[in-house]
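Structural features, examined
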Amino acid sequence: MPSGEVTDLVPTSRCGVVGDPVAHSLSPTLHNAAYEALGLPFRYDAARVPSGGLAAHVAGLGTEWRGLSVTAPLKREALELADVVTDRARLAGGANTLVRDGQAWLADNTDLPGAVAAIRERHTGAVHSATVLGAGATAASTGLALAELGVTSIRLLARDPARAEDTVAALRRHPDLAVDVLEIDVGAVVGEIVVSTIPAAAQTDAVLAATATAAVVFEVVYDPWPTPLALAARSREQVLVTGLDLLVHQALLQFEMFTGHDGPLETMRAAGEAALAGR
């Protein structure tokens with residue numbers, strides 16, 4: 001895809017992020033920094049859309065809208081309302097990206113390839129088994145990303161294993177992946193990498209102690225930053241993959257889908273780092 005200034009796009013082209021909560025999102029910072037760097041006539045905003053409200057929100061968007069980044073709790077709703085669904089979004093059981101193509105909406109999941117890129121940027125060693133803390137849509141996409149990196153066994157540690165059915169089903173759709181799920185308070189962390197998708201407030205001393213055996217810690221939460229787990233990983237000199245790493249790589253893919261242009265990765269990363277430092 002070519003890079004450079006755009007002369008044939010409508011000046012009012014718009015994109016945005018939807019979710020609940022969404023005020024903390026760094027996505028507007030990343031995307032708008034990229035638009036400015038490339039001279040693109042786009043605008044990217046955040047809109048709070050509660051659970052159950054995505055279809056109505058999308059139906060009310062004008063023709064100037066090119067795409068949406070979709071965050072919790074709307075990723076499965078995005079999958080359901082789309083006219084076209086990519087294989088990886090269907091596999092993950094949720095979509096974090098909606099792209100407009102004429103009158104149709106395409107649902108995709110850039111969390112999956114974004115997580116692959118984020119991990120490989122920090123760690124090039126082999127991974128065979130892993131533990132994922134949490135059992136939501138992000139746990140599903142990161143688990144499938146781990147499978148692409150060679151992981152064949154994943155343990156989910158959930159606060160409520162009974163509510164992990166969708167995520168377990170998504171992971172088990174992968175033909176080469178064995179999955180078990182246990183309560184987070186009693187299950188042991190296994191494998192070379194541990195991925196945390198749980199809020200900072202849920203990162204108890206027991207959770208932090210359990211993650212000490214992993215060579216790599218992937219903390220997908222970036223607000224507040226640093227989280228207790230990120231601080232612990234740094235103090236233990238574990239390889240740390242951050243939520244900003246994931247956000248930047250998945251946002252880069254979304255940017256390219258929304259605009260048709262190569263995204264400026266380092267510009268987006270720098271904008272995100274500056275925004276986090278200012279919080």
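Cut-offs used in this document
- Within each chain, residue numbers correspond to sequence positions counted from 1 in written order.
- Given that this is a predicted model, residues contribute local features only at a pLDDT of at least 70 and side-chain atom pairs are listed and counted only at 80 or more, while totals for whole chains, interfaces and linings are drawn from all residues.
- Calculation of side-chain values draws on the structure's entire complement of heavy atoms; hydrogens and water are dropped beforehand.
- In this analysis, axes come from line fits to C-alpha atoms, helices being fitted only over the stretch in contact, and the angle between any two N-to-C directions falls in the range 0 to 180 degrees.
- Under the DSSP-based scheme used, a helix requires at least four consecutive residues in state H or I and a strand at least two consecutive residues in state E, with every element numbered from the N terminus.
- Just so you know how the angles are binned, under 35 degrees is roughly parallel, over 145 roughly antiparallel, 65 to 115 roughly perpendicular, and the rest oblique.
- Crossings are assigned a handedness: left-handed for a near helix turned anticlockwise from the far helix by less than a right angle, right-handed for a clockwise turn.
- We call two residues in contact whenever any of their non-hydrogen atoms come within 4.5 Å of each other.
- Three residue categories are used. Nonpolar comprises Ala, Val, Leu, Ile, Met, Phe, Trp, Tyr, Cys and Pro, charged comprises Asp, Glu, Lys and Arg, and polar comprises the others, including Gly.
- Pairing between two strands is assigned when DSSP locates at least 2 bridges connecting them.
- Confidence of the predictor at the level of single residues is given by pLDDT, which spans 0 to 100.

With that settled, the discussion passes to the packing of helix α5 (residues 111-122) against helix α10 (residues 243-259). Packing of α5 against α10 leaves a shortest axis separation of 8 Å and a crossing angle of 130°. Taken together, the axis directions place α5 and α10 in an arrangement best described as oblique. Crossing of α5 against α10: the hand is right-handed. Two secondary-structure elements touch here, α5 through Asp111, Pro113, Gly114, Ala115, Ala117, Ala118, Glu121 and Arg122 and α10 through Asp245, Leu246, His249, Gln250 and Leu253. Of the residues contributing to the contact of α5 with α10, the split by class is 6 nonpolar, 3 polar and 4 charged.

In any sheet, the strands associate via hydrogen bonds between backbone groups, in a parallel or an antiparallel arrangement. Taken in spatial order, the 6 strands make up an open sheet running β2-β1-β3-β5-β6-β4, and their pairing is mixed. Sheet topology places β2 (42-48) and β4 (84-85) at the edges, where each strand pairs with a single neighbour. Bridge analysis of strand β1 (residues 13-19) against strand β3 (residues 65-70) gives 5 bridges, and the strand direction is parallel. In the sheet register, Val18 faces β3, and the bridge partner there is Val70. Where helix α1 (residues 27-38) meets the sheet, it contacts β1, β2 and β3, and its direction lies at approximately 175° from that of β2. Strands in contact with α10 are β1, β2, β3, β5 (97-101) and β6 (104-108); relative to β5, the strand with the most contacts, it is inclined by about 10°.

Turning our eyes to something else, we now look at the confidence of the model for the protein chain. Counting all residues, the mean pLDDT for the protein chain is 94, and 96% of those residues have values of 70 or more. A low-confidence stretch, residues 1-7 stays under pLDDT 50, and its non-local contacts, those more than four residues away or across chains, total 17 contacts.

At their nearest, the axes of α10 and helix α11 (residues 265-277) sit 10 Å apart, and the two run at 135° to each other. As far as their axial angle goes, α11 and α10 are oblique. Of the two possible hands of crossing, α10 and α11 adopt the one that is right-handed. Judged by residue contacts, Leu244, Asp245, Val248, His249, Ala251, Leu252 and Phe255 of α10 engage Leu265, Met268, Arg269, Gly272, Glu273 and Leu276 from α11. A per-class count over the contact of α10 with α11 returns 8 nonpolar, 2 polar and 3 charged.

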